[in-house]
Amino acid sequence: MKQIESIKESGGWLNRYQHQSDACGCLMTFSVYLPPGAETGRVPAVYWLSGLTCTDDNVRTKAGAQRYASELGIALIMPDTSPRGENIADAPDRYDLGKGAGFYINATQTPWAPHYRMYDYITRELPALIESELPLIPGCKSITGHSMGGHGALVCALREAGAYRSVSAFSPICNPTVCAWGKGCFGAYLGEDPDTWKIYDATELIRADAETIPLFIDQGTSDEFLADQLYPQNLQAVCQERNFPLTLRMHEGYDHSYHFIATFIGEHLAYHAKALSG
(Lines give C-alpha, C1' and ligand atoms only; values in the text may rest on other atoms or scores of the structure.)
Protein backbone atom coordinates (compact mmCIF):
# COMPACT_ATOMS: atom_id res chain seq x y z
CA MET A 1 0.00 0.00 0.00
CA LYS A 2 1.43 3.34 -1.12
CA GLN A 3 0.68 6.70 0.47
CA ILE A 4 -0.06 9.29 -2.24
CA GLU A 5 -1.27 12.24 -0.15
CA SER A 6 -1.13 13.55 3.41
CA ILE A 7 -2.95 16.63 4.76
CA LYS A 8 -2.88 17.95 8.31
CA GLU A 9 -6.45 18.45 9.55
CA SER A 10 -8.04 19.00 12.98
CA GLY A 11 -4.85 17.95 14.71
CA GLY A 12 -4.61 14.64 12.83
CA TRP A 13 -3.72 13.51 9.34
CA LEU A 14 -5.92 12.88 6.31
CA ASN A 15 -3.97 10.37 4.22
CA ARG A 16 -4.70 8.82 0.86
CA TYR A 17 -3.42 5.44 -0.28
CA GLN A 18 -3.37 3.15 -3.31
CA HIS A 19 -2.87 -0.58 -3.47
CA GLN A 20 -3.31 -3.46 -5.87
CA SER A 21 -6.52 -5.21 -4.87
CA ASP A 22 -6.83 -8.97 -5.19
CA ALA A 23 -10.61 -8.81 -4.70
CA CYS A 24 -11.18 -6.22 -7.43
CA GLY A 25 -8.22 -7.08 -9.64
CA CYS A 26 -7.16 -3.46 -10.06
CA LEU A 27 -5.51 -0.50 -8.36
CA MET A 28 -7.80 0.81 -5.62
CA THR A 29 -7.67 4.17 -3.82
CA PHE A 30 -8.89 4.90 -0.29
CA SER A 31 -8.48 7.59 2.37
CA VAL A 32 -7.82 7.30 6.09
CA TYR A 33 -8.19 10.00 8.71
CA LEU A 34 -5.93 9.41 11.71
CA PRO A 35 -6.90 11.46 14.79
CA PRO A 36 -4.23 12.97 17.04
CA GLY A 37 -4.53 10.01 19.40
CA ALA A 38 -3.11 7.70 16.73
CA GLU A 39 0.31 9.25 17.32
CA THR A 40 0.53 7.76 20.80
CA GLY A 41 -1.82 4.76 20.86
CA ARG A 42 -4.31 2.55 19.10
CA VAL A 43 -7.61 3.97 17.87
CA PRO A 44 -10.84 2.26 16.70
CA ALA A 45 -12.18 2.84 13.21
CA VAL A 46 -15.40 3.80 11.48
CA TYR A 47 -15.75 2.70 7.86
CA TRP A 48 -17.67 5.11 5.61
CA LEU A 49 -19.24 3.77 2.40
CA SER A 50 -20.16 6.39 -0.17
CA GLY A 51 -23.03 6.48 -2.65
CA LEU A 52 -23.59 6.30 -6.41
CA THR A 53 -21.11 8.28 -8.56
CA CYS A 54 -18.85 8.99 -5.55
CA THR A 55 -15.23 8.20 -4.73
CA ASP A 56 -13.41 8.42 -1.39
CA ASP A 57 -13.05 12.15 -2.04
CA ASN A 58 -16.71 13.12 -1.53
CA VAL A 59 -17.03 12.40 2.16
CA ARG A 60 -13.59 13.66 3.13
CA THR A 61 -14.21 17.06 1.52
CA LYS A 62 -17.96 17.58 2.16
CA ALA A 63 -19.06 15.92 5.40
CA GLY A 64 -16.95 17.74 7.99
CA ALA A 65 -16.38 14.38 9.64
CA GLN A 66 -12.70 14.76 10.43
CA ARG A 67 -13.28 17.40 13.12
CA TYR A 68 -15.62 15.08 15.01
CA ALA A 69 -13.34 12.08 14.52
CA SER A 70 -10.47 14.09 15.97
CA GLU A 71 -12.48 15.01 19.07
CA LEU A 72 -13.79 11.48 19.54
CA GLY A 73 -10.46 9.75 18.92
CA ILE A 74 -11.58 7.50 16.07
CA ALA A 75 -10.06 6.80 12.66
CA LEU A 76 -12.14 7.12 9.50
CA ILE A 77 -11.68 4.64 6.66
CA MET A 78 -13.09 5.94 3.35
CA PRO A 79 -12.89 3.51 0.40
CA ASP A 80 -13.93 3.99 -3.20
CA THR A 81 -17.33 2.81 -4.43
CA SER A 82 -16.22 0.52 -7.26
CA PRO A 83 -13.20 -0.78 -9.16
CA ARG A 84 -11.50 1.67 -11.51
CA GLY A 85 -9.23 1.48 -14.55
CA GLU A 86 -9.17 1.31 -18.34
CA ASN A 87 -9.82 -2.43 -18.47
CA ILE A 88 -12.71 -2.41 -15.98
CA ALA A 89 -16.20 -3.12 -17.34
CA ASP A 90 -18.40 -0.02 -17.38
CA ALA A 91 -21.67 1.42 -18.69
CA PRO A 92 -20.47 4.91 -19.67
CA ASP A 93 -23.95 6.10 -20.65
CA ARG A 94 -25.30 5.32 -17.14
CA TYR A 95 -24.46 6.76 -13.73
CA ASP A 96 -26.18 3.90 -11.89
CA LEU A 97 -24.24 0.95 -13.31
CA GLY A 98 -20.53 0.26 -13.64
CA LYS A 99 -17.80 2.54 -12.31
CA GLY A 100 -19.02 4.47 -9.30
CA ALA A 101 -21.88 2.00 -8.81
CA GLY A 102 -20.30 -1.10 -7.30
CA PHE A 103 -23.26 -1.54 -4.91
CA TYR A 104 -21.03 -3.38 -2.40
CA ILE A 105 -21.84 -6.83 -3.80
CA ASN A 106 -19.85 -9.65 -5.40
CA ALA A 107 -20.86 -9.81 -9.07
CA THR A 108 -21.36 -13.23 -10.65
CA GLN A 109 -22.18 -12.26 -14.24
CA THR A 110 -20.08 -11.38 -17.29
CA PRO A 111 -18.45 -8.89 -17.78
CA TRP A 112 -18.70 -7.69 -14.17
CA ALA A 113 -17.59 -10.72 -12.15
CA PRO A 114 -13.78 -10.40 -12.49
CA HIS A 115 -13.63 -6.95 -10.84
CA TYR A 116 -16.92 -5.99 -9.18
CA ARG A 117 -16.32 -7.74 -5.87
CA MET A 118 -16.81 -4.82 -3.52
CA TYR A 119 -18.41 -6.92 -0.77
CA ASP A 120 -15.25 -8.99 -0.32
CA TYR A 121 -13.15 -5.85 -0.66
CA ILE A 122 -14.99 -3.98 2.11
CA THR A 123 -15.54 -6.84 4.54
CA ARG A 124 -12.28 -8.74 4.12
CA GLU A 125 -9.45 -7.34 2.01
CA LEU A 126 -9.47 -3.69 3.09
CA PRO A 127 -9.80 -4.35 6.86
CA ALA A 128 -6.99 -6.92 6.68
CA LEU A 129 -4.80 -4.43 4.81
CA ILE A 130 -5.56 -1.59 7.24
CA GLU A 131 -4.91 -3.71 10.32
CA SER A 132 -1.65 -5.03 8.84
CA GLU A 133 -0.18 -1.80 7.47
CA LEU A 134 -1.61 0.62 10.06
CA PRO A 135 -1.26 -1.34 13.32
CA LEU A 136 -2.52 1.60 15.39
CA ILE A 137 -5.95 0.75 13.95
CA PRO A 138 -6.95 -2.63 15.44
CA GLY A 139 -9.90 -4.78 14.39
CA CYS A 140 -12.36 -2.80 16.53
CA LYS A 141 -14.61 -1.16 13.93
CA SER A 142 -18.05 0.20 13.07
CA ILE A 143 -19.61 1.00 9.70
CA THR A 144 -21.81 3.70 8.18
CA GLY A 145 -22.58 5.20 4.79
CA HIS A 146 -24.87 7.19 2.52
CA SER A 147 -27.45 6.09 -0.07
CA MET A 148 -25.86 3.15 -1.94
CA GLY A 149 -23.24 3.22 0.80
CA GLY A 150 -25.93 3.18 3.46
CA HIS A 151 -27.27 0.04 1.79
CA GLY A 152 -23.74 -1.39 1.86
CA ALA A 153 -23.22 -0.56 5.52
CA LEU A 154 -26.49 -2.21 6.56
CA VAL A 155 -25.84 -5.33 4.49
CA CYS A 156 -22.25 -5.73 5.71
CA ALA A 157 -23.30 -5.39 9.35
CA LEU A 158 -26.27 -7.76 8.97
CA ARG A 159 -24.29 -10.45 7.14
CA GLU A 160 -20.99 -10.26 9.03
CA ALA A 161 -22.20 -11.09 12.52
CA GLY A 162 -19.90 -9.70 15.18
CA ALA A 163 -17.58 -7.91 12.75
CA TYR A 164 -18.88 -4.41 13.55
CA ARG A 165 -19.63 -2.86 16.93
CA SER A 166 -22.35 -0.64 15.43
CA VAL A 167 -23.95 0.41 12.16
CA SER A 168 -25.72 3.53 10.93
CA ALA A 169 -26.79 5.02 7.60
CA PHE A 170 -27.87 8.22 5.91
CA SER A 171 -30.69 7.90 3.36
CA PRO A 172 -29.91 4.22 2.65
CA ILE A 173 -31.38 2.16 -0.18
CA CYS A 174 -33.26 -0.03 2.26
CA ASN A 175 -34.93 -2.51 -0.12
CA PRO A 176 -32.89 -2.54 -3.35
CA THR A 177 -34.60 -5.63 -4.77
CA VAL A 178 -37.75 -3.54 -5.35
CA CYS A 179 -36.29 -0.22 -6.57
CA ALA A 180 -35.00 0.77 -10.01
CA TRP A 181 -31.41 1.34 -8.87
CA GLY A 182 -31.23 -2.06 -7.23
CA LYS A 183 -33.01 -3.97 -9.98
CA GLY A 184 -30.79 -2.41 -12.64
CA CYS A 185 -27.53 -3.24 -10.88
CA PHE A 186 -28.53 -6.57 -9.36
CA GLY A 187 -29.89 -7.85 -12.67
CA ALA A 188 -26.63 -6.96 -14.41
CA TYR A 189 -24.23 -8.03 -11.67
CA LEU A 190 -26.06 -11.07 -10.25
CA GLY A 191 -28.33 -12.36 -13.02
CA GLU A 192 -32.06 -12.37 -13.55
CA ASP A 193 -33.13 -14.56 -10.61
CA PRO A 194 -34.40 -12.16 -7.90
CA ASP A 195 -33.94 -14.80 -5.21
CA THR A 196 -30.15 -14.47 -5.62
CA TRP A 197 -30.41 -10.74 -4.89
CA LYS A 198 -31.83 -11.06 -1.39
CA ILE A 199 -28.49 -11.60 0.36
CA TYR A 200 -27.66 -7.98 -0.55
CA ASP A 201 -30.93 -6.45 0.65
CA ALA A 202 -31.20 -5.28 4.29
CA THR A 203 -34.98 -5.66 4.37
CA GLU A 204 -34.79 -9.22 3.07
CA LEU A 205 -31.93 -10.15 5.39
CA ILE A 206 -33.98 -9.10 8.42
CA ARG A 207 -37.00 -10.93 7.03
CA ALA A 208 -34.77 -14.04 6.89
CA ASP A 209 -33.79 -13.61 10.58
CA ALA A 210 -30.40 -11.90 10.35
CA GLU A 211 -28.54 -11.73 13.64
CA THR A 212 -29.58 -8.70 15.66
CA ILE A 213 -27.59 -5.49 15.56
CA PRO A 214 -29.32 -2.15 16.29
CA LEU A 215 -29.86 0.00 13.17
CA PHE A 216 -29.57 3.79 13.33
CA ILE A 217 -30.86 5.61 10.23
CA ASP A 218 -31.36 9.27 9.38
CA GLN A 219 -33.59 10.22 6.44
CA GLY A 220 -34.65 13.60 5.06
CA THR A 221 -38.31 14.14 4.18
CA SER A 222 -37.43 16.29 1.14
CA ASP A 223 -35.08 13.66 -0.31
CA GLU A 224 -35.80 13.49 -4.03
CA PHE A 225 -35.20 9.72 -4.04
CA LEU A 226 -37.25 8.87 -0.96
CA ALA A 227 -40.46 7.74 -2.67
CA ASP A 228 -39.03 5.77 -5.60
CA GLN A 229 -35.65 4.39 -4.53
CA LEU A 230 -35.04 4.25 -0.77
CA TYR A 231 -38.09 2.53 0.80
CA PRO A 232 -37.33 3.03 4.52
CA GLN A 233 -40.97 2.18 5.25
CA ASN A 234 -40.35 -1.40 4.01
CA LEU A 235 -37.39 -1.79 6.36
CA GLN A 236 -39.37 -0.28 9.21
CA ALA A 237 -42.26 -2.68 8.63
CA VAL A 238 -40.10 -5.80 8.64
CA CYS A 239 -38.22 -4.59 11.73
CA GLN A 240 -41.54 -4.21 13.52
CA GLU A 241 -42.60 -7.69 12.41
CA ARG A 242 -39.35 -9.26 13.63
CA ASN A 243 -38.94 -7.08 16.73
CA PHE A 244 -35.62 -5.95 15.26
CA PRO A 245 -34.10 -2.81 16.87
CA LEU A 246 -34.37 0.19 14.54
CA THR A 247 -34.04 3.92 15.16
CA LEU A 248 -35.36 5.71 12.06
CA ARG A 249 -35.31 9.50 12.31
CA MET A 250 -37.20 11.48 9.67
CA HIS A 251 -35.86 15.04 9.37
CA GLU A 252 -38.23 17.64 7.97
CA GLY A 253 -36.98 19.52 4.90
CA TYR A 254 -33.61 17.78 4.44
CA ASP A 255 -32.62 16.37 1.04
CA HIS A 256 -30.23 13.65 -0.20
CA SER A 257 -27.12 15.82 -0.29
CA TYR A 258 -24.03 16.21 1.86
CA HIS A 259 -25.67 19.25 3.45
CA PHE A 260 -27.89 16.72 5.22
CA ILE A 261 -24.95 14.48 6.09
CA ALA A 262 -22.85 17.35 7.42
CA THR A 263 -25.71 18.37 9.73
CA PHE A 264 -25.89 15.02 11.52
CA ILE A 265 -22.50 13.35 10.95
CA GLY A 266 -21.32 14.37 14.42
CA GLU A 267 -24.21 12.50 16.04
CA HIS A 268 -23.47 9.39 14.01
CA LEU A 269 -19.80 9.39 14.88
CA ALA A 270 -20.61 9.92 18.55
CA TYR A 271 -22.99 6.94 18.34
CA HIS A 272 -20.20 4.78 16.93
CA ALA A 273 -17.58 6.11 19.36
CA LYS A 274 -19.77 5.04 22.27
CA ALA A 275 -20.13 1.53 20.83
CA LEU A 276 -16.42 1.32 20.06
CA SER A 277 -15.44 2.31 23.59
CA GLY A 278 -17.28 -0.65 25.12
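Residues numbered from 1 in each chain as written. Predicted model: local features only at pLDDT ≥ 70, side-chain atom pairs only at ≥ 80, totals over all residues. Heavy atoms only, no water.

A. View of the nonpolar core. Counting residues in each nonpolar core, the largest one holds 70 residues, and the members touching the most others are Phe103, Ile137, Ile143, Tyr189, Leu215 and Leu235. If near-sequence neighbours (up to four positions away) are discounted, Tyr189 is found in contact with Leu97, Gly98, Ala101, Gly102, Phe103, Ile105, Ala107, Thr108, Gln109, Trp112 and Tyr116. Counting 21 residues, the second largest nonpolar core, distinct from the first, contains Ala69, Cys140, Ile265 and Ala273. (Core = buried A, V, L, I, M, F, W, Y, C linked by side-chain atoms within 4.5 Å. Buried < 20%, exposed > 50% of the residue type's maximum accessible area, 1.4 Å probe, protein only. Contact = heavy atoms within 4.5 Å.)

B. Region of interest: empty space enclosed by the protein. Summed over all chains, the structure comprises 1 cavity of 30 Å³ or more. Looking at the largest cavity, its volume works out to about 40 Å³. For the lining of the largest cavity, the secondary-structure elements that each account for two or more residues are β4 (45-49), β5 (75-79) and α9 (258-276). Partitioning the lining of the largest cavity into residue classes produces 8 nonpolar, 1 polar and no charged. (1 Å grid on protein atoms, 1.4 Å probe; cavity = no way out; pocket = protein on both sides within 12 Å on 5 of 7 lines; lining within 4 Å. Points joined across faces, edges and corners; volume = space filled by probe spheres on them. Helix = DSSP H or I, 4+ residues; strand = E, 2+ residues; numbered from the N terminus. Nonpolar A, V, L, I, M, F, W, Y, C, P; charged D, E, K, R; others polar.)

C. Highlighting the packing of aromatic side chains. Within the structure shown, the criterion is met by 15 aromatic pairs. Relative to Tyr200, the ring of Tyr119 has its centre 5.9 Å away and its plane inclined at 70°; by these criteria the two rings are edge-to-face. Of this pair, Tyr119 sits in helix α3 (residues 118-133) while Tyr200 sits in the loop between α5 (180-190) and α6 (202-207), placing them 81 residues apart in sequence. Since its relative accessible area comes to 5%, Tyr200 is described here as buried. Taken together, a centroid distance of 4.8 Å and an interplanar angle of 50° make the contact between Trp181 and Phe225 tilted. Of this pair, Trp181 sits in helix α5 while Phe225 sits in the loop between β8 (215-220) and α7 (226-230), placing them 44 residues apart in sequence. (Phe/Tyr/Trp six-rings, centres within 6.5 Å; stacked < 30°, edge-to-face > 60°.)

D. Region of the structure containing the side chain of Asp218. Positionally, Asp218 belongs in strand β8. For Asp218, the side chain forms a polar contact with the side chain of His251, separated by 2.8 Å. Excluding anything up to four places from it in sequence, Asp218 contacts Ala169, Phe170, Ser171, Pro172, Arg249, His251, Phe260, Phe264 and His268. (Polar contact = N/O pair within 3.5 Å; in protein donor to acceptor, adjacent residues only side chain to side chain.)

E. The arrangement of the layout of surface pockets in detail. In this structure, the largest pocket occupies an estimated 160 Å³ of space. If you go around the largest pocket, you meet 13 residues; those closest to its centre are Gly51, Leu52, Thr53, His146 and His256. Residues that form the lining of the largest pocket fall into these classes: 6 nonpolar, 6 polar and 1 charged.

F. The side chain of Gln229, seen in detail. Position of Gln229 relative to the elements: it lies in helix α7. Of the residues examined, Gln229 reaches a relative accessible area of 11% and is grouped as buried. A polar side-chain atom of Gln229 sits 3.4 Å from the main-chain amide nitrogen of Ala180. At 3.1 Å, the side chain of Gln229 forms a polar contact with the backbone nitrogen of Trp181. Apart from residues lying up to four places away in sequence, Gln229 is in contact with Ile173, Cys179, Ala180 and Trp181.

G. Local environment of helix α8 (residues 232-242). Listing the buried residues of α8 in full gives Pro232, Leu235, Val238 and Cys239. Buried positions in α8, seen along its axis, are confined to an arc of 130° and lie on one side of it. Counted as exposed and oriented over 90 degrees from the buried face of α8: Gln240 and Glu241. A positive backbone phi angle near 55° is found at Asn243, which sits one or two residues after α8. (Arc of directions from axis to C-beta.)

Geometric descriptors of this kind do not, in isolation, establish any biological role.
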